[in-house]
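Letter by letter, the chains look like this.
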Amino acid sequence: METVYKGSWSYIGTLSNNDVGLKDYKGDKSYSSEWEYIKKSVKDEVKGMSDEIPKWAVAVVEGKSVNDIRRATYSSRRLGYKLVEIRIDSLRPTSTPESKARMGVFVMQIADLLKDFSIATIRRGRDGGYLDDKKMDENSRLDLMEQVASKGFLWLDIEADTETSRLNEVIKIARENGSGIMMSHVLTMGHDKYKGDENRDSLADVHKIIAPVKNIWSLENSIKYLRSARKTLQGKPVLFQFIGPHSELFNTITPIFGNSLTFTGLENNKPEGEDSQRYLSNEDSLSIWRHLGINGPGKGEGWSVEGIPINEQTTYGLILGSQINESLETVALNVALGNKEMNTLCIPMKCGYEDIERWLSFLRTFNTVGAWVNKPLKGSVARNMDKLEGVASLIGSINTIVSRGGSLIGYDTIGAGIADVVERSISKKNARVGVLGTGSIGRSAAFEIHKRGYKTFISGNNQSITKQVVKKLGGGMGAISSNNINRMKGKVDVLVNTTPEGKNVGKKVDEQAIGVAEIARTLEPMVGIDVVYSPPGTPFLSSVESRGGETVKGTDVMIYQVARTFQLWTGTWPEIKGLRRAVEDSAPHIIRS
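Residues numbered from 1 in each chain as written. Predicted model: local features only at pLDDT ≥ 70, side-chain atom pairs only at ≥ 80, totals over all residues. Heavy atoms only, no water.

**Q** Please give an account of the packing of aromatic side chains that cites residues and values.
**A** Summed over the entire model, instances satisfying the criterion amount to eleven aromatic pairs. For the ring pair Phe240 and Phe257, a centre distance of 5.8 Å and an interplane angle of 75° mean the geometry is edge-to-face. With a gap of 17 residues between them, Phe240 in strand β7 (residues 238-243) and Phe257 in the loop between α8 (247-252) and β8 (262-265) connect regions that are remote in the sequence. Look at Phe240 and you get buried, because its relative accessible area is 1%. The exposure class assigned to Phe257 is buried, which follows from its relative accessible area of 7%. Between the aromatic rings of Trp359 and Phe362, the centroid separation amounts to 5.7 Å while the plane-to-plane angle is 70°, which identifies the pairing as edge-to-face. Of this pair, Trp359 and Phe362 both sit in helix α11 (residues 356-365), three residues apart, which is roughly one turn of the helix. Phe362 sits in the buried class, given a relative accessible area of 0%. Through a chain of ring-to-ring contacts, the aromatic side chains of Phe240, Phe242, Phe250, Phe257, Tyr316, Trp359, Phe362 and Phe366 assemble into a single cluster. The side chain of Lys208 reaches across the aromatic face of Phe263, ending 5.2 Å from its centre. (Phe/Tyr/Trp six-rings, centres within 6.5 Å; stacked < 30°, edge-to-face > 60°. Helix = DSSP H or I, 4+ residues; strand = E, 2+ residues; numbered from the N terminus. Buried < 20%, exposed > 50% of the residue type's maximum accessible area, 1.4 Å probe, protein only. Lys NZ or Arg CZ within 6 Å of the ring centre and 35° of its normal.)

Structural data, given as C-alpha cells:
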C-alpha cells in the first residue's frame, strides 16, 4: 500500500500533512464571499482528519451541482481522505452553447477550491459515466477536458483510446499546469491480455484498468488482464476499477488485488444503469476493511486477509445483513477457510430487502460457496431459495446458503450450533434443557436439541403461540409461557437464551434483558448459554453465574454455528481452537462499544 507515496506518486506526497495549498487566513477576518469562507473552512477541517481513513482510500465525489460536489469534497476531507476523485460528468454537461458556458464557470469554481487534492475526470456514458453520449459528442467532451486540464488539478484522468492528436493536446496542457496523468483503459469483453501502445503508455504516470464484470468469465478475464498489464507496465502503478451490477463488492476489496489506491463513496451511490460503477459508503467501506483486517486500529493485531492472493480460481462467500457491523462471522469463516488453505474469500456486504435478488444473482453467476445471512433478512432470503433443507423447511428461516451449480439451497445452522454447545457443556444423560424465545433461533435450537435426545421445553411470552410452535416442530417438547416458567425452578440443567435481550445493555435500559436475567436467577440452571455476543457479558449470564452455574458466551455459540456452515460449504470440519483464538483476538476491533 505504501507505493501510493513512491515513484510516480510523488505528485501526492505532500498530501500526507495538513498543507492543502490554500491561502492562510488569520485572525477574525470577515469573508467577502462564500467561496473565501469555504477555502478557510477546508483548512480548518483538515486539522480534524480521522486516522481511520487509510492513505490508499480515495473518495469518489459526484453531484448535480457545484455545491453538491463542494459539500461532498469537504465532508471527505473532514473525514480524513487525502485524495478525492471529482466526477465532473456527474454535472450532466451537454453540447449546447448554454451548457458549455455553464460548465466553463463550474470547472473554474471547482478548480479554484478543490484542485490541490483532486483527481478530475469526465467519464463517457459507455464507460460507466453520467454523460449522455447522444447529447454530448466526443469533441465537445474533449473541449471540456482541455478546460479542466488547464486548471492544474492534482491528477487528470483521461481515456487511453482518445483520438491521438486530442490526447496529446490534453496531456500537454495538463503537464504545463502541473497535473499528473492517470490513463484509463476500458477492458473489452473477452480480452485477457494487455497489448497496450508503447507511445501512449509512456504518456501516463499511472494506469487504471476499468473492467466490466457481470459473471465468472468476465471476472476471470479481468484478473488475467490485470496481471498482464502489471507485467507489461512494470515500474508504473496499475489500478483496477470495476463496473457492473456487483461492482461495489469488487471495488471495495481492490486493496487485496494489490491496488495502490482504492475508490470509495461518501454515500451509497445510486447508479443509473447496471454498467455503472458502484461504491459503498465511507462508513460501510471502513467497516468491511476492519472486518477483513486490512485497516483500522486492530490491523496487525487480529486476523487479516491482507496478503492473500486473489486469482481467477478464487471463490467467494458473502455475509449478508442490513448493516455491516460487528460481524464476527466474517472473521471466523475466513480463518476457517485460510486454515484449510482454501482459495476462498468471505466478504460482508450490506443488503436491504431491495438488494436480495441482486446478491442472490451474484451467488448464482459467480464462483461462490454460498452465504451467511443475518437478521432481518433470514425469512425473506429463505423464500427465494431453490430448496430448503432440514429445520429450515420447518421454521421458514435460514442463516446459510450453499451454492451448487447455480442452485441455492437454504439451511439453518444456528440451532445445530447451539445443540453442539449443549452437548459439550453437560455430560448428564437425559438432561433437561430450556430454550427461551420462540423466534427462528429459539425454534431451531429447540428442534435440534430435542433431536439429540434431551428433554426440551421452549418458553415464549404467549402460551398459545408457544404450543403452536411445538406442534409445528413435530411435538415431543414441552411448551410453557414465560409467566408460568417459575414452576420449572430446580428442574433445568441447561438454559439457553435465544432472545436478543441483552444486546442493548450499556446503550439503554433493556427491561426485557432484566426479564430473562430474572428467569435465570429463578431457575438456577447448571449451565447458561447466551446467543448474544455483543456485548460479551449479558445480564442473563451474570444471573447464571450469581447462582453458581457455568456460562457459555455468545462468541462460543457463534463459532460452532460457523463451523456447521463451513462444513456445509466444504464438507470438512474446521479446527475450533484456531477459530476461537482468531475471534478473541479480533473481537475488540470488530465489536464497538
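Next comes the rest of the account.
**Q** Kindly report on unusual backbone geometry, identifying the contributing residues and their values.
**A** Along the chain, Lys375 connects to Pro376 via a cis peptide bond; the corresponding omega equals 0°. Inspection of the secondary structure puts Pro376 in the loop between β11 (368-373) and α12 (378-382). A positive phi angle, close to 55°, is found at Glu341, a residue other than glycine. Residue placement: Glu341 occurs in the loop between α10 (328-339) and β10 (344-350). One non-glycine residue, Glu524, lies in positive phi territory at about 50°. With respect to the helices and strands, Glu524 occurs in the loop between α17 (511-523) and β19 (527-530).

**Q** Break down the packing of helix α14 (residues 414-425) against helix α19 (residues 554-570) for me, with residues and values.
**A** Axis separation between α14 and α19 bottoms out at 8 Å; the angle between their running directions is 120°. Comparing the axis directions of α14 and α19 gives the class oblique. At the point where α14 passes α19, the crossing takes the right-handed sense. Residues Ile414, Ala416, Gly417, Ile418, Asp420, Val421 and Arg424 of α14 lie in contact with α19, whose contacting residues are Asp556, Val557, Tyr560, Gln561 and Arg564. Of the residues belonging to the contact of α14 with α19, the class tally is six nonpolar, two polar and four charged. (Axes fitted to C-alpha atoms, helices over the stretch in contact; angles between N-to-C directions. Parallel < 35°, antiparallel > 145°, perpendicular 65-115°, else oblique. Left-handed = near helix turned anticlockwise from the far one by under 90°. Contact = heavy atoms within 4.5 Å. Nonpolar A, V, L, I, M, F, W, Y, C, P; charged D, E, K, R; others polar.)

**Q** Can you explain the pattern of salt bridges? Please cite residues and give values.
**A** Counted according to the given criterion, the structure contains 28 salt bridges. Across the pair Glu62 and Arg87 runs a salt bridge, and its minimum N-O distance is 3.0 Å. Of the two residues, Glu62 sits in the loop between β1 (57-61) and α2 (66-79) while Arg87 sits in strand β2 (residues 83-87), which places them 25 residues apart along the sequence. Of the residues examined, Arg87 reaches a relative accessible area of 0% and is grouped as buried. When the shortest N-O distance is used, the salt bridge between Glu176 and Lys172 registers 3.3 Å. On the criterion of helical spacing, the pair formed by Glu176 and Lys172 is a turn pair, its members being four residues apart in helix α5 (residues 164-176). Accessibility expressed as a relative area gives 47% for Lys172, which makes it partly exposed. Through salt bridges with shared partners, a single network forms among Glu62, Glu85, Arg87, Asp157 and Lys208. (Salt bridge = Lys/Arg side-chain N within 4 Å of Asp/Glu carboxyl O.)

**Q** Outline the sheet that holds β7, supporting the account with residue identities and numerical values.
**A** The eight strands are arranged β7-β6-β5-β4-β3-β2-β1-β8 in an open sheet whose pairing can be described as parallel. The open sheet has two edge strands with one neighbour each: β7 and β8. On average, each strand axis in the sheet is inclined to that of its neighbour by 30°, with strand direction left out of account. Alignment of strand β3 (residues 118-121) against strand β4 (residues 155-159), held across three bridges, turns out to be parallel. Among the inter-strand pairings, Ala120 is bridged to a residue of β4, identified as Leu156. Contacts from α5 reach β4 and β5 (180-186) within the one sheet, and its direction differs from that of β5 by about 150°. Across the sheet, helix α7 (residues 216-232) touches β6 (206-212) and β7, and the angle it forms with β7 is around 165°. (Pairing = 2+ DSSP bridges.)

**Q** I'd like to hear about the pairing of strand β18 (residues 494-497), residue by residue, with values.
**A** Side-chain alternation along β18 places Val494 and Val496 on one buried face and Leu495 and Asn497 on a second face that is also buried. Across four bridges, strand β15 (residues 432-436) lies against β18 in parallel orientation. Along β18, the bridge assignment pairs Val433 with Val494. Bridge count for β18 against β19 is four bridges, and the pairing is parallel. Of the residues in β19, the one forming a bridge with Leu495 is Gly528.

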